[in-house]
Amino acid sequence: MHNYFDTYVVVVALLLVGAGIVGGALTANRMLRPHRPTAEKLTTYECGVDPVGEGWAHSYVRYYVFAYLYVVFAVDAVFLFPWATVFSDPGYGATTLGEMFVFLAFLAVGLAYAGKKGVLSWV
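Residues numbered from 1 in each chain as written. Predicted model: local features only at pLDDT ≥ 70, side-chain atom pairs only at ≥ 80, totals over all residues. Heavy atoms only, no water.

Rule in force here: UniProt positions are given in the numbering used here, feature names are shortened, and annotations may be inferred rather than shown by experiment.
The name given to the chain in an unreviewed UniProt entry is NADH-quinone oxidoreductase subunit, with the source organism recorded as Actinomadura chibensis. Its UniProt record, at the heading Function (unreviewed entry), says of the chain: "NDH-1 shuttles electrons from NADH, via FMN and iron-sulfur (Fe-S) centers, to quinones in the respiratory chain." Taken from UniProt, the Sequence similarities (unreviewed entry) comment for the chain reads in full: "Belongs to the complex I subunit 3 family."

1. Here's the deal with the environment of aspartate 76
Where we set the bar: Starting at the N terminus, helices and strands are each numbered in turn, a helix being any DSSP run of H or I of at least four residues and a strand any DSSP run of E of at least two. Here's how the labels work: a residue is buried when its accessible area is under 20% of the maximum for its type, exposed when over 50%, partly exposed in between, all with a 1.4 Å probe on protein chains only. Throughout, a contact is declared for two residues whenever any of their heavy atoms are within 4.5 Å.
For aspartate 76, the position within the fold is in helix H2 (residues 61–87). On the accessibility criterion, aspartate 76 (11% relative accessible area) is buried. Taking the C-alpha atoms as reference points, aspartate 76 and leucine 107, 31 residues apart in sequence, are found 8.0 Å from one another. Those residues within four positions of aspartate 76 in sequence are excluded, and the remaining contacts are Phe103, Leu104 and Leu107.

Now the structure itself:
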């Protein structure tokens, strides 16, 4: 009979082998690569344009809200597809339909709020 913790020996051995391979590859890379740093090589690269000004860039909060809205509607799609498959099963019709209308009402309220705040205007 085996001890419970004996099964973890394989996992620890694989982790050590993996860490050894990664560490060996990084060490070999450091030893074999050319290392000739210059001031030009150490400057920030901005798509071929010489960097001007400070390193901080200003971005609009609106872009984060767009990403948030995308996530909301992606989650909506994740819940709608399984709902469509369960809805066709006998015995789930009215309950499933009611639950989905509640879910869609929450999404509609969120979309109306975003529209009221002017987030959906692209100007």
